[in-house]
Every structure is written in C-alpha cells, then in structure tokens.
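# Coordinate analysis (summary)
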Amino acid sequence: MHYGIDFGTTNSATVGMQANHLEYYGDESRQPYPSIIAIDKITGEVRDRGRPVWENREQLSESCEIISSVKSYLGTDKTWNIGTRTWYPQEVATEIFRGLKKQVSMYNGGESMNSALVSIPIGFDPYKRRQLRNAAANAGVKVDGFVSEPTAAVFKHFETVSKWQKIAVFDWGGGTLDLAVVELNDGKVNELNTLGYPLGGDNLDLKIAEWAHNKILKATSANIPFSEMPSGARDRMISSAEEAKRVLAAEEEVPIFVAGYGNLDAPQIIMTSQDIKSLLKPELERAVSYLEEVVVKAGLSVNELGCVLMVGGSSKLRGLYDHIEDRFDCEIIEPDSTADWHVAHGACLLNKIRGQYQLSQNVGLLLSDDSYFPLLKKYQAVTHKQHVQSFGLVEDSQTANFVFVESSKGIHRTLGYISVPSYGFLFEPVELHYRINKDLLLEVSAKSGNMGSDGIEKWEYAGLRFSYTLPV
C-alpha cells in the first residue's frame, strides 16, 4: 500500500493506493482531517483532535487550549505552557499524524499506515522538514520523502497539463492560499516562484456565519453580536456556514438552520449562489490579484501562461472560476468535487512511481589559488549518497579552511565556510565528507587525518535549489 499525505495548515488529507485502487481517508464526515487539537488546561493532556475539536472549538476553549495551524510554527521556538507540561510544535504535529494514522486504520480494516510521501509548500525550509519528519516518526509514520505541493498537484493532473510549459497552480485550502508558477521542461518541474497568504476557507466560514447571524437578528429583532453568542451556538453556526459554502459550489441555494441557537427563536435562513458571490467578492478579487502578482514576480506576463490549475477545497467557491477567467486568457482547469484531495493524491501517485530531485545549481570549493573545485553539479540526481574528497594543506597553518561557493558562468558566490583544526604540516591530509540528506540539506563534515574525533568540524547549508524530475 502506498500513501500520500498533504499535511495542511488547517486540514490534512491522506490518500492511499493499492494496485490501481485509490482510497481517500477522511474523517467522520469524509472530509480532510482538521489539523487541530484540544489540550486540557489543567492536566496538559490531549482531550481530542480533528473534526470533533473543529466543530466544538468555541465550547472546548473554555476548558482546553485549542492549537491549530501548527505547520506554521514548525522550525520556530514557539511553545505552549499548558497545565503541567510544555508543548512544542513538533509534539503537536505528532498528534495530527496520530489522528491521520487512526483514520487510515479505521477505514482500512485495521491496516496501519507505516510510511508515506508527504507534500510540503515551496520554501518549507529543511529545519521545518526535519521537525515534520520527526513528528511523523513519533506517530509511527516513516516519511518516505518530501515533494512540493505544486509538483504533487501538477503530477495528479499531468495528462491534462503536460502540453503546456508554464503553469500557475492555485491552491486554496482551509487556512492559506498558496500560489506557484512552475515550468515543465523535459519532464522536469522547475518552480519559478511562489507566494502564500493567510486567506483560507476558515476566514470565509466565519464571514458566512456572521452574515447568517445578521439575517437572524433582522428576523427576530434581537440585538446580540455574534461574538457574544454562547460558544456552542457559534460552533454550530460556523459548521453550518462551512456546509453551506460546500453545497453552494454546485447548488443555487441552501438552507442554514441552527436548532437551539442561543436563546433566539432562529428561523431558517436561505443563502443563494448570488448571496455568496456578493458576500465573498472582496476575497475572490483579492485571491485573483495575488495570482497575478505571483506570475509577475516569476518574471512572466499572464499571457505566457498555458493554464491555471485550481486545487484545494476553497477553489470550488462559487464565482471564483469566473473571476479568474476574466483576468487570465489561458486554459483554466476547474476543481472537481475531490479538489481537497488533489495534492495528497499526487503525492500518493509519486510514492508509487517515484520521481527524483535534481540539483539546480553548481556547488563546490574555492581553492587557495582561486580555482574552482566542483562538489555537486547542476542537473545531478539527488541520491543522498555520502561523498568523500581528500585535500592537503599547502602552507604551515593551524587550520584548513574550506570556502563553499555556488558557481555560475565563472562567477562564484560564497555560501559558507568551515575551519578545520590541523597540526600545520605541509600536505597534511584533510578529508571532506558531504551529502544531500533526505531533508535536502547539504551536510558537510571534515577533519585532519592527523587529528582525532575531537577535530571534526560540521556545516549545514539549507539554501540548495532543486528541480523535480517526474516519473515516466
């Protein structure tokens, strides 16, 4: 069984494949799993996670600390002091992976998900990847590798989009709007530019809930702000708003009714497709302007795009396709009913028939005579293999200095350096070990052949650039 995970800011999706059979592992409502947990304020222990917390987060917040969007805190020093313990982002992420693993087991006859390929945003730095890998491992899920979310989306739709060279990926999820411009060239996906914005479906759900609340106030002549409604009533209204948003992607109208809405004798509210388009017009226009921005920052005009690929649950919003069509004179791939799962679907496919990262730059050493010595070459496939090179001191010095550079057209840009202790003998041997690890960090260690283990110096570089070669 092969699995792909889209570990999202607000929702996470898991897709599995055996032979050619695909399975979407949603939560109890068969939707992607909310990336949210509730921790008891007194004991500091997990009370619940996933959909039950999302649906009751206002009510639970009275006795629990609600932690969401943990993906944005990975790689930072953010902590939560709750009850008797301190929680770190990696530990919160572990709880989300435990929830995903539980959902797979529940819908898969008890079979466990022990490994998966995980999609990540472009620019998700290696330290965040390391914490995400550790979080998954602590939940019993081995990360087979990482792939960028736009690359996963492109591969899911590859038969459709492969005829174009330049593609904009419009990925609108529950918590963020992620935009990317990628170039397809000889089966390689080169990521030209990306932008991310904190504009997600959760913001829209709250806006719809407040709209429905105002309609109820008008019908009942009540005068209670939405923020002052009982927490349970707010939870139920936000859940109803999210359901209305999903239904109106295809239907012309939907009823919004919350039984026992506080002390109000709330009537049934009808929301139409025209209502939601009018209400969310500012957000839709902002999203499309962000899409134009990412294209310009990629050094392109909108006329150079072959297509806009729409994925993510919020990309199904009524009226969004029309806004994009008005501003982009290219093919637009509309989201279907499974758009929430497309990135995880692509990651699952790539886990079954793996592609490969290639380096997009030349990296080497600047030697003492100002000559360049190559270590890693552009277009070189990333294998995670350890490489060893031996050097000798050319002067009487107590350190052997290695200067790492990127080389392009005879111009060298310094990336970093390490100084290795030595005895200062002429031609004293110094051994350099280096590799690109599974988190796509360049790992380097070096020591003099005349020194013991105490003389080892290490260096890591997180700024390598890659392209992804898709499988045939």
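Attention here is on the structure that accompanies the text.

About the cut-offs
- Residues numbered from 1 in each chain as written.
- Predicted model: local features only at pLDDT ≥ 70, side-chain atom pairs only at ≥ 80, totals over all residues.
- Heavy atoms only, no water.
- Disulfide = S-S within 2.5 Å.
- Pairing = 2+ DSSP bridges.
- Helix = DSSP H or I, 4+ residues; strand = E, 2+ residues; numbered from the N terminus.
- Axes fitted to C-alpha atoms, helices over the stretch in contact; angles between N-to-C directions.
- Contact = heavy atoms within 4.5 Å.
- Patch = residues over 30% accessible without salt bridge, like charges linked within 9 Å, V, L, I, M, F, W, Y side chains within 5 Å.
- Areas by Shrake-Rupley, 256 points an atom, 1.4 Å probe, with all protein chains shown as cover.
- Salt bridge = Lys/Arg side-chain N within 4 Å of Asp/Glu carboxyl O.
- Buried < 20%, exposed > 50% of the residue type's maximum accessible area, 1.4 Å probe, protein only.

## Examining the state of the cysteines
Enumeration over the complete set of coordinates arrives at zero disulfides. Looking at Cys307, it has no disulfide partner, and the nearest cysteine sulfur is the one in Cys330, 6.6 Å off.

## Quick look at the sheet that holds strand 28 (residues 466-469)
The seven strands are arranged 18-17-12-13-14-28-19 in an open sheet whose pairing can be described as mixed. Both edges of this open sheet fall to strand 18 (331-333) and strand 19 (356-359), since each of them pairs with a single strand only. For this sheet, the mean angle separating the axes of adjacent strands, direction not counted, is 30 degrees. Summarising the sheet, strand 14 (residues 188-197) and strand 28 pair through two bridges and their orientation is antiparallel. Pairing of Lys188 across the sheet is with Thr469, part of strand 28. Docked against the sheet, helix 11 (residues 320-327) engages strand 12 (166-172), strand 17 (307-311) and strand 18, running at close to 165 degrees with respect to strand 17.

## Details of unusual backbone geometry
For Ala19, which is not glycine, the phi torsion reads 55 degrees and is therefore positive. Relative to the helices and strands, Ala19 resides in the loop between strand 2 (11-18) and strand 3 (21-24). For Asp186, which is not glycine, the phi torsion reads 55 degrees and is therefore positive. Note that Asp186 resides in the loop between strand 13 (177-185) and strand 14.

## Observations concerning a nonpolar patch on the surface
Residues Val394, Leu426 and Phe427 make up a contiguous nonpolar surface patch of about 350 Å² in total accessible area. Within the fold, Phe427 resides in the loop between strand 24 (411-421) and strand 25 (429-436).

## Thoughts on the pattern of salt bridges
If you walk through the whole model with that rule in mind, you get 23 salt bridges. In this structure, Lys245 and Asp205 form a salt bridge, with 2.9 Å as the shortest nitrogen-oxygen distance. With a gap of 40 residues between them, Lys245 in helix 8 (residues 231-247) and Asp205 in helix 7 (residues 201-220) connect regions that are remote in the sequence. For the pair shown, Lys245 and Asp205 are each scored as buried. Taking the shortest distance from any N to any O, the salt bridge between Glu406 and Arg465 comes out at 2.8 Å. On the criterion of sequence distance, the pair formed by Glu406 in strand 23 (residues 399-408) and Arg465 in the loop between strand 27 (457-461) and strand 28 is long-range, its members being 59 residues apart. Classification of Glu406 by relative accessible area gives buried; the value is 10%.

## Comments concerning the side chain of Asp439
Within the secondary structure, Asp439 sits in the loop between strand 25 and strand 26 (442-448). When near neighbours in sequence (up to four residues on either side) are disregarded, Asp439 contacts Pro126, Arg129, Arg130, Arg133 and Phe146.

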